[in-house]
Amino acid sequence: MRPHLAAAEAFVFSRREYVPAWIPAEKVWIIPPSIDPFSPKNQQLSADTVQAILVRLGVLDGAAPTVPATFVRRDGDVDMVTRPAAVIGEARPGPGDPVLIQVSRWDRLKDMAGVMRGFADYVAPGGQGYLVLAGPAVTDVSDDPEGLAVYRECLLQWRDLRPAARARTLLVTLPLDDIDENAAMVNALQRHATVIVQKSLAEGFGLTVAEGMWKGRPVIGSAVGGIIDQIAEGTGILLPDPADLEAFGAAARLLLGDQDQATRMGQAAHAHVREHYLGDLHLLRHGGLLSTLIAGG
């Protein structure tokens, strides 16, 4: 594409590491993506609303609270989560059980299978908590044929787990019939999590990390792509080697077993996202770019 870009006056990248050597430094702008804190995926939900949504999904044990499972759509209308998830699991965590959650596509690069192996081998034998691996309903994503194959591989792996680990591991597929409702489901899952995981083998930027941090949860993430930029010191744990399941397990045991530390990291994570990854800052950065171009023209 280089010959076609010669006339460009500026180049925008999410990370400096992605800038090709041939682009002049004075034409480079680093503008990472941002999250919308008012969207169905990131808006504030009360603890009772979170519990109501998760009971409706079928991923949490116990009776639903008396409050409805409501959320606010992008157009401002208030609606309710009504669709259940498809859940593979022999048990469900209770409202007070620590939960480790990864929400992502059923994609080999997201390494859901590796998260399951790490939990089964290095967390479940001596640590606390449940593991929830959540992704889209595999029949609803027409442009991702690999998704069904990866999900089936995870299902076969789940069936082969030792009984004690299998009883504390859930595979969850979320319906995509309604995009706003699906986003509210993800929001509730992340807000209920004790610890959020993004153990990707490769990433472009991985904004799902900032989405999890915005909920005030520490994130255990691989040191790949933009995850490196998002998890600052004290906001979570970066894994130098995504394939090191023992290191992943140690990080998960640490945070699942120390609620005070997990809470402190989660608070720092929320503050870090507020300072660096919200839409107003994103807009200001693009405004600076456009002002510079106009002044130079």
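Structure's up top.
The structure reproduced in this document is the subject of the present report.

A word on the overall build of the protein. Scanning the protein from terminus to terminus reveals ten helices and eleven strands. What you see for the protein is a C-alpha radius of gyration of 20 Å, in line with the 19 Å of a compact globule of 297 residues. Expressed along its principal axes, the backbone C-alpha trace of the protein runs to roughly 65 × 45 × 40 Å. Buried residues in the protein amount to 50% of all 297 residues. The contacts in the protein between residues at least 6 apart in sequence include a share of 68% that link residues at least 24 apart. If you sum the accessible surface of the protein, you get close to 13800 Å²; carbon and sulfur atoms cover 55% of it. Counting 27 positive and 35 negative side-chain charges, the protein places the averaged centre of each group 2 Å from the other.

This paragraph deals with the packing of aromatic side chains. Summed over the entire model, instances satisfying the criterion amount to three aromatic pairs. The interplanar angle of 85° and the centroid separation of 6.2 Å between the aromatic rings of F11 and W22 together place this pair among those described as edge-to-face. Separated by eleven residues along the polypeptide, F11 in strand β1 (residues 11–13) and W22 in the loop between β1 and β2 (28–30) bring together distant segments of the chain. On the basis of relative accessibility, which here comes to 32%, the residue W22 falls in the partly exposed class. Over the ring of Y18 we find R15, and its NZ or CZ is 5.3 Å from the ring centre.

Time to look at the packing of helix α2 (residues 112–122) against helix α3 (residues 145–159). Contact pair α2 / α3: the axes reach a minimum separation of 9 Å and the direction vectors enclose 15°. Taken as axis vectors, α2 and α3 run roughly parallel relative to one another. When you trace α2 past α3, the crossing you get is right-handed. In this structure, α2 contributes M112, A113, M116 and R117 to the contact, and α3 contributes C154, Q157 and W158. By residue class, the composition of the contact of α2 with α3 is five nonpolar, one polar and one charged.

Take the sheet that holds strand β9 (residues 195–198) next. Strand-to-strand pairing in sheets goes through backbone hydrogen bonds, with the strands running parallel or antiparallel. Within the open sheet, the seven strands sit side by side as β5-β8-β7-β6-β9-β10-β11. Their pairing is mixed. The sheet is open, and its two edges are formed by β5 (86–88) and β11 (236–239), each paired on a single side. Here the average twist between neighbouring strands, direction ignored, is 20°. Together, β5 and β8 (169–174) form the strand contacts of α3, whose direction differs from that of β8 by roughly 155°.

Thresholds applied
- Position numbers for residues start from 1 in each chain and track the written sequence from start to end.
- Given that this is a predicted model, residues contribute local features only at a pLDDT of at least 70 and side-chain atom pairs are listed and counted only at 80 or more, while totals for whole chains, interfaces and linings are drawn from all residues.
- The side-chain values count all of the structure's non-hydrogen atoms but skip hydrogen atoms and water molecules.
- Numbering of helices and strands runs from the N terminus; a helix is a DSSP stretch of H or I covering at least four residues, while a strand is a stretch of E covering at least two.
- All radius of gyration figures rest on C-alpha atoms, and the globule criterion is 2.2 Å times the number of residues raised to 0.38.
- Whether a residue is buried, partly exposed or exposed follows from its accessible area with a 1.4 Å probe, protein chains only, as a fraction of its type maximum: under 20%, in between, or over 50%, in that order.
- Whether two residues are in contact is decided by their heavy atoms, any of which lying within 4.5 Å being enough.
- The method behind every accessible area is Shrake-Rupley, applied with a 1.4 Å probe, and residues are considered shielded solely by the protein chains displayed.
- Only four residue types enter the tally: Lys and Arg on the positive side, Asp and Glu on the negative side, with His and both chain ends excluded.
- Working definition for charges: the position is that of NZ of Lys, CZ of Arg, CG of Asp or CD of Glu.
- What counts as a ring pair is set by centres within 6.5 Å for rings of Phe, Tyr and Trp (its six-membered ring), and what kind of pair is set by the plane angle: stacked under 30 degrees, edge-to-face over 60, tilted for all other angles.
- For a Lys NZ or an Arg CZ to count as sitting over a ring, it must be within 6 Å of the ring centre and within 35 degrees of the ring normal.
- In this description, a line fitted to the C-alpha atoms serves as the axis of each element, helices being fitted only across the stretch in contact, and the angle between N-to-C directions of two axes falls anywhere from 0 to 180 degrees.
- For classification purposes, angles smaller than 35 degrees are called roughly parallel, those larger than 145 roughly antiparallel, those between 65 and 115 roughly perpendicular, and all remaining angles oblique.
- Working rule for handedness: look at the near helix, and if it is turned counterclockwise from the far one by less than a right angle, call the crossing left-handed; if clockwise, right-handed.
- Only Asp, Glu, Lys and Arg are considered charged, only Ala, Val, Leu, Ile, Met, Phe, Trp, Tyr, Cys and Pro nonpolar, and every remaining residue, Gly among them, polar.
- Any two strands with at least two DSSP-identified bridges between them are counted as paired.

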